[in-house]
Amino acid sequence: MFDIENVRADFPILDREIYGRRLIYLDNAATTQKPSRVIAKIEEVYKRYNSNIHRSVSKLAAVCTDEYENARKIVCGFINAENTCEIVFTSGTTAAINLLAFAFGEKFVGEGDEIVVCESEHHSNIVPWQLLCERKNAVLKVLPFNDKGELKTELLDEILTERTRLLCVAQATNVLGTVNPLDEIVRKAHAKGVYVLVDGAQGIQHLKTDVRASDFDFYVFSGHKIYAPTGTGILYGKEHLLEQLPPWQGGGDMVNRVSFAKTTYADLPLKFEAGTSNYVGAIGLGEALSYLIYKGMDEICSYEKELTDYALEKISSIPGITIYGTSANKVGIASFLAEGIHHADMGEILDKTGVAVRTGRMCADPTVQHFGLTGLVRASWTFYNTKTEIDSLCESIEKAKKILG
Ligand code: PMP
């Protein structure tokens, strides 16, 4: 049984006070808080077996390397990849996409080829592709969204051509919260021989993810948005695709033999893990995913669904509030504006009442520009938030309206 009080007790920060009030943390789309288990795991590594992985011969290094490789197995199982060699540790979503933009670009993209991104993407899933297209004289095409925040997938038939190499799409979008229809998108892309990269930064923590059943070619996510340490992330790629890609960065750990005549590279996944990785963070990521498996992703998803329905209904019923992103299929995100009130002012008042939210353009300029805005207030919740906290958010919004309106 999903017990919210037990869940909250696992996250020590949720107990602290801000300006004399209990913290109401509703900025989970920016980063999530960490359960005691993850914090303890990091402490355990540093106190008991910290040693550089894959290198030293010591007992400590053996334990540390085993823990790191075990974390890779946990990630592999969590997203149901076929083989641990398909799981590359990175420093986050941004690093994973930049890695892919370089390596995929080197192998598969030439002059006049096309990359498709969606209008509702985070800058991390736009700018690396712009850089690639500049480098290769390739063409960046954009799949737009409608005013509900849903992708106009009916346009894919004309947007995807025989020159399209890759389609890049978020599992869920970071401003509007829309869960994109990936079954349809992957089917249409594959029918035209186009590979698909799914940005799971806002999806992995809220939706059960099966990269094999969904037939994603590449999938990326950040550890810090799924209760794991910062500076961790994953690039998943189908083995036969990753095999074909050249390394991105050169250095230790990614080589087999180095000589001035010829250097050979390590097998997957180490080919893409040059240098000393954030192995402590990666072990923490494994611990965070184990925690979620223990709590039950089905239970988490159904609790979050109920909370999201409640929150969207409650926030949108406040007079003068407009929520942007009104798709029926959303994760726990409400980006909104109060009539006549600047988003930054609203954010500041909410903060003074103990409610932490994000304001501004949220690294998604094209999304904000779509609505002709300069910024929004974003409240984002997860499985440790409660209906009572949503009620407090709404009371704080009302208070802010009185003060600023
Ligand atoms: N994609 C999406 C959809 C995101 O929400 C974010 C983070 N806000 C990123 C990519 C970038 O993630 P990171 O900063 O952890 O690399």
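Residues numbered from 1 in each chain as written. Predicted model: local features only at pLDDT ≥ 70, side-chain atom pairs only at ≥ 80, totals over all residues. Heavy atoms only, no water.

### Examining the overall build of the chain
Check the secondary structure of the chain and you find 14 helices and 17 strands. In terms of overall dimensions, the chain is globule-like: its C-alpha atoms have a radius of gyration of 22 Å, near the 22 Å expected for 405 residues. Projected onto its principal axes, the C-alpha positions of the chain cover 75 × 55 × 35 Å. Burial status across the chain gives 56% buried among its 405 residues. The contacts in the chain between residues at least 6 apart in sequence include a share of 71% that link residues at least 24 apart. Carbon and sulfur atoms form 50% of the exposed surface of the chain, whose accessible area is close to 16,900 Å². Across the chain, 43 positive and 53 negative side-chain charges occur, with their mean positions spaced 3 Å apart. (Helix = DSSP H or I, 4+ residues; strand = E, 2+ residues; numbered from the N terminus. Rg over C-alpha atoms; globule rule 2.2 N^0.38 Å. Buried < 20%, exposed > 50% of the residue type's maximum accessible area, 1.4 Å probe, protein only. Contact = heavy atoms within 4.5 Å. Areas by Shrake-Rupley, 256 points an atom, 1.4 Å probe, with all protein chains shown as cover. Lys, Arg positive; Asp, Glu negative; His and termini not counted. Charge placed at Lys NZ, Arg CZ, Asp CG, Glu CD.)

### Description of the environment of Leu 100
Checked against the element boundaries, Leu 100 lands in helix H4 (residues 93-108). For Leu 100, a relative accessible area of 0% gives the class buried. Separated by 185 residues in sequence, Leu 100 and Leu 285 have C-alpha atoms that sit 21 Å apart.

### A few points about the domain arrangement of the chain
For the chain, the assigned domains read domain 1 (4-30 + 297-404) and domain 2 (39-294). Centre-to-centre separation of domain 1 and domain 2, based on C-alpha positions: 28 Å. With 36 residues of domain 1 in contact, the opposing surface of domain 2 contributes 32 residues. Between domain 1 and domain 2 the total buried area reaches about 2,800 Å² when both faces are included, carbon and sulfur atoms providing 56% of it. On the domain 1 side of the contact with domain 2, Met 297, Val 331 and His 370 bury the most area, a combined 22% of that side's loss. Our enumeration of links across domain 1 and domain 2 arrives at 1 salt bridge. Put simply, Asp 298 and Lys 208 hold a salt bridge, and the shortest N to O gap is 3.4 Å. Applying the counting rule to domain 1 against domain 2 returns 21 residue pairs in polar contact (both at pLDDT 80 or more). Going through the elements one at a time, helix H11 (297-316), strand E14 (333-338), helix H13 (365-370) and strand E17 (376-380) are the ones with two or more residues in the side of domain 1 that touches domain 2. At 5 residues, H11 tops the list of elements feeding residues into the side of domain 1 that touches domain 2. Classifying every residue of the side of domain 1 that touches domain 2 by side-chain character gives 21 nonpolar, 8 polar and 7 charged. (Domains from an automatic or database assignment. Buried area = accessible area lost by both parts, 1.4 Å probe. Salt bridge = Lys/Arg side-chain N within 4 Å of Asp/Glu carboxyl O. Polar contact = N/O pair within 3.5 Å; in protein donor to acceptor, adjacent residues only side chain to side chain. Nonpolar A, V, L, I, M, F, W, Y, C, P; charged D, E, K, R; others polar.)

### Points about the pattern of salt bridges
Tallied over the full model, the rule gives 24 salt bridges. Across the pair Lys 136 and Glu 106 runs a salt bridge whose closest N-O atoms are separated by 3.4 Å. Taken together, the positions of Lys 136 in helix H5 (residues 127-136) and Glu 106 in helix H4 put the pair 30 residues apart, joining distant regions of the chain. With a relative accessible area of 37%, Glu 106 lands in the partly exposed category. Note that Lys 188 is salt-bridged to Glu 184, the shortest N-O span being 3.0 Å. Here Lys 188 pairs with Glu 184, and both are found in helix H7 (residues 182-191), just 4 residues apart, close to one helical turn. Taking relative accessible area as the criterion, Glu 184 reaches 22% and is therefore assigned partly exposed.

### Considering the sheet that holds strand E16 (residues 358-360)
Strand order across the open sheet formed by 4 strands is E13-E14-E17-E16, with antiparallel pairing between neighbours. Because the sheet does not close on itself, it has two edges, and the strands there are strand E13 (321-324) and E16. Sheet twist, expressed as the mean angle between neighbouring strand axes with direction ignored, is 30 degrees. (Pairing = 2+ DSSP bridges. Axes fitted to C-alpha atoms, helices over the stretch in contact; angles between N-to-C directions.)

### Regarding the site of the ligand
Contacts to the ligand come from Thr 93, Thr 94, His 122, Ser 124, Asn 174, Asp 199, Ala 201, Gln 202, Ser 222, His 224 and Lys 225. A distance of 3.5 Å separates an oxygen atom of the ligand from a polar atom in the backbone of Thr 93. Within the contact set of the ligand, an oxygen atom lies 2.7 Å away from a side-chain nitrogen or oxygen of His 224. Burial of the ligand by the protein amounts to 86% of the accessible area it has alone, namely 390 Å². (Near = heavy atom within 4 Å.)

### Side note on the nonpolar core
Core analysis: the largest hydrophobic core is formed by 101 residues, its most contacted members being Ile 79, Leu 292, Ile 315, Phe 336, Trp 381 and Phe 383. The residue makeup of this core includes at least three contributed by each of domain 1 (4-30 + 297-404) and domain 2 (39-294). Sequence-distant contacts of Phe 336, that is, excluding residues within four places in its chain, are made with Ile 315, Ile 321, Thr 322, Ile 323, Tyr 324, Met 346, Leu 350, Leu 376, Val 377, Ala 379 and Ile 397. Counting residues in each nonpolar core, the second largest holds 28 residues, with Phe 108, Cys 133, Leu 166 and Leu 235 among its members. (Core = buried A, V, L, I, M, F, W, Y, C linked by side-chain atoms within 4.5 Å.)

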